[in-house]
Structure formats: C-alpha cells, structure tokens
Amino acid sequence: MTKTIELVFDFVSPNAYLIWQPLKALAEKHGAKIEVLPAFLGGMHKLTGNAPPFIRDAEVKGKNAYAMLEMNRFIAKHGMTKFQMNPHFPFNTISLQRMLVALEPEKRATFIETLLPAIWEEQLDVTDTEVLGKILAEGGFDAEELFAKTQDPAVKQELMDNVENVVGRGAFGIPTMYIDGEMYFGKERLMQIDEQLAT
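This write-up is about the structure you can find in this document. Every chain is numbered independently, its residues counted from 1 as its sequence is written. In keeping with the predicted nature of the model, local features appear solely for residues at pLDDT of at least 70, side-chain atom pairs appear and are counted solely at 80 or more, and the whole-chain, interface and lining totals rest on all residues. Calculation of side-chain values draws on the structure's entire complement of heavy atoms; hydrogens and water are dropped beforehand.

## Let's talk about the environment of glutamine 192
Next up, step 1: Position of glutamine 192 relative to the elements: it lies in helix H10 (residues 190–198).
Next up, step 2: For the pair glutamine 192 and histidine 30, spaced 162 residues apart in sequence, the C-alpha to C-alpha distance is 13 Å. Going along the chain from the N terminus, every DSSP run of H or I of four or more residues is numbered as a helix, and every run of E of two or more is numbered as a strand.

## Remarks on the sheet that holds strand S2 (residues 33–38)
Paired through backbone hydrogen bonds, the strands of a sheet run either parallel or antiparallel to each other.
Next up, step 1: Strands sit in the order S2-S1-S3-S4 across an open sheet of four strands; the sheet is mixed. Edge positions in the sheet fall to S2 and strand S4 (182–185), since each of these pairs with one other strand and no more. Recorded for the sheet is a direction-independent mean angle of 25 degrees between the axes of neighbouring strands. Two strands qualify as a pair provided that DSSP identifies no fewer than 2 bridges between them. All axes are obtained by fitting lines to C-alpha atoms, using only the stretch in contact for helices, and the reported angles, taken between N-to-C directions, cover 0 to 180 degrees.

## Observations concerning the pairing of S4
Next up, step 1: In this structure, strand S3 (residues 176–179) lies alongside S4, joined through four bridges in antiparallel fashion. Across the sheet, tyrosine 178 pairs through a bridge with methionine 183, a residue of S4.
Next up, step 2: Between S3 and S4, which pair antiparallel in sequence order, lie two residues; one of them, aspartate 180, sits at a positive phi of approximately 55 degrees.

## Some points on the nonpolar core
Next up, step 1: Phe9, Phe11, Met44, Phe111, Leu115 and Leu136 are the most contacted members of the largest nonpolar core, which totals 56 residues.
Next up, step 2: Top element by residues in this core is helix H1 (residues 14–30). It accounts for eight residues.
Next up, step 3: Residues are treated as being in contact if the distance between any of their heavy atoms lies within 4.5 Å. Every residue in contact with methionine 44, bar those within four places of it in the chain, is listed here: Val8, Ala39, Val163, Val166, Val167, Ala171, Phe172, Gly173 and Ile174. The criterion is simple. A nonpolar core is a set of buried Ala, Val, Leu, Ile, Met, Phe, Trp, Tyr and Cys residues joined through side-chain atoms within 4.5 Å. Throughout, exposure labels follow a simple rule: accessible area from a 1.4 Å probe, protein chains only, divided by the maximum for the residue type, with under 20% read as buried, over 50% as exposed, and the rest as partly exposed.

## Notes on the packing of helix H2 (residues 41–48) against helix H9 (residues 153–168)
Next up, step 1: Where H2 contacts H9, the axes come no closer than 9 Å and their chain directions differ by 50 degrees. Looking at the two axes, H2 sits oblique to H9. Helix-helix and strand crossings are classified by hand; for H2 and H9 the assignment is right-handed. Along its contact with H2, which presents Gly43, Met44, Leu47 and Thr48, the element H9 presents Val163, Glu164, Val166 and Val167.
Next up, step 2: Taken together, the residues of the contact of H2 with H9 break down into five nonpolar, two polar and one charged. In what follows, roughly perpendicular refers to angles from 65 to 115 degrees, roughly parallel to angles under 35, roughly antiparallel to angles over 145, and oblique to any angle outside these ranges. Handedness of a helix crossing follows the sense of rotation of the near helix relative to the far helix, less than a right angle counterclockwise being left-handed and clockwise being right-handed. Under the grouping applied here, Gly and all other residues not named as nonpolar or charged are polar, the nonpolar ones being Ala, Val, Leu, Ile, Met, Phe, Trp, Tyr, Cys and Pro and the charged ones Asp, Glu, Lys and Arg.

Here you go:
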C-alpha cells in the first residue's frame, strides 16, 4: 500500500526549502507520496505560543550559532550549494499560502518548486506583487487568477482551518510531517522518516 507523507508547509521557513528535495527523494525511494498541507506559520506560532528560533533563542548563549552550524552541515550533506538566506526574511507569506490552498493538490508541488528557488536561491522579494507575478507567470501559472483567489473568503477560511487542524494534531513549526499517524518535526528527522517508510 502506498504510504503518504503529510507535509505542513510554509514558504517563509528556510527549513521548508531545505527539507523539500531530500523528502521527495525519500518518498521516491519508498514509493510514497507527499501531500502538502498549506499552513501559515505566523498563525501556528500565535496558537502555540512558539516563536522563530532566532528570536526565541537569542538570549541563549551559543544556541543560534550552533543551529547555524547544524544548518550548514545539512546543506553540505545534501549538496544545496545554491541556498542563500533571503534578505527579506522574515517575510509575510499569507498570499503565497492562500495561493497554495487555492490550487488543486496535484499542482502544489509545481507551485512550490517554482517559488522555492526564487526565494531561497535568487533571494527575490515575493511580497512585491510585480516580482511575484513575474515568477508565477514564468512558472506557467495564471498570476491574475491566483492573486484574485487570495481574497476569496473560502480560501482564507480553509487556510485558517488548516492552521487550527495541524496545531490540533501537535504541530508547532515548519517543517512538520505525519506518517502513519505519527508526527515528525524538523529536517533532522529524515533518518526516522526513512525508517518509518520502510516498515
């Protein structure tokens, strides 16, 4: 039976970029599929009392420096030589997340793969509607239609519902994954996910 990896996703997290390709490789290895669950990280933080690590751990001596060391190790291990921190980080992704919700599930991976390089390799400002519109058009999407859908009350509600649902399942950050009813948090859980998919 084909296993499903549910991936709670928001473009604002650099870890969303870092997990995407390795997770796809694991899914392919095990014949699993990835189901993208669009969520708004800011809303998740509000509901859980969580905060971005660089803010939350700012006063803990050495912790953010070590987190950066671990990130660089991960980048080196997976050969992610194109990765660059976006100078606009942290940026508001509410429109992007609504677009992701509005798309048919089978188109979400293409949308993600259109935007991740633009954000985390080319360092583009996706809060600029002109810049975002150009990225979407070049990726084969109808930018005007997607921008319109960000104002659809049903789309707005679905994104809010997604946030409440994943928080209700224990999620507090990005990336969170669910496999066989179990939750896995963070890009460092790839080995555990590999083992779970093999069972």
